[in-house]
Amino acid sequence: MSISEPQPNIGLTTISRTVASLAVGVVHTLERAVVGEGRMRTARGNAWEAVCADRARADQRAELNRLVAELTAARAAGHRPQRDRQPVA
């Protein structure tokens, strides 16, 4: 008497996962070879780049707010009545 083991079913999803896994491995190896070990992108590097980009956007926003405030103040000063303006010497 022989007891046969159940054969695992190999379906389309199994093949797709295998191909995707192999493709990721090839891309990862290729990236290491082309870019170099020290220049590979990592989650930490991506996070730091995002932090730097956020800081740069905040600086630009602060500069723009400062310029708008200056323009608003200059425009408000320009609309004063003639008697409030000081003569230019």
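Quick notes on the rules
Residues numbered from 1 in each chain as written. Predicted model: local features only at pLDDT ≥ 70, side-chain atom pairs only at ≥ 80, totals over all residues. Heavy atoms only, no water. Patch = residues over 30% accessible without salt bridge, like charges linked within 9 Å, V, L, I, M, F, W, Y side chains within 5 Å. Areas by Shrake-Rupley, 256 points an atom, 1.4 Å probe, with all protein chains shown as cover. Salt bridge = Lys/Arg side-chain N within 4 Å of Asp/Glu carboxyl O. Helix = DSSP H or I, 4+ residues; strand = E, 2+ residues; numbered from the N terminus. Buried < 20%, exposed > 50% of the residue type's maximum accessible area, 1.4 Å probe, protein only.

Named according to an unreviewed UniProt entry, the chain is Putative membrane protein originating from Micromonospora parathelypteridis.

## Concerning a nonpolar patch on the surface
Nonpolar side chains collect at one region of the surface, where L30, V34 and V35 lie side by side and expose about 280 Å² of accessible area between them. With respect to the element layout, V34 can be found in helix α1 (residues 12–35). Judged by its relative accessible area of 64%, V34 falls in the exposed class.

## Digging into the pattern of salt bridges
One pass over the full model with this rule turns up 3 salt bridges. Among the salt bridges present, the one from E63 reaches R66, with a minimum N-O distance of 2.5 Å. Linking E63 with R66, this pair stays in helix α2 (residues 43–78), spanning 3 residues, or about one helical turn. The class of E63 is partly exposed, set by a relative accessible area of 38%. Taking the shortest distance from any N to any O, the salt bridge between R66 and E70 comes out at 2.3 Å. Note that R66 and E70 are positioned in helix α2 at a spacing of 4 residues, about one turn of the helix. Owing to a relative accessible area of 37%, R66 belongs among the partly exposed residues under this scheme. Assessed through its relative accessible area of 43%, E70 is described here as partly exposed. Taken together, the shared-partner salt bridges in this structure form one network comprising E63, R66 and E70.

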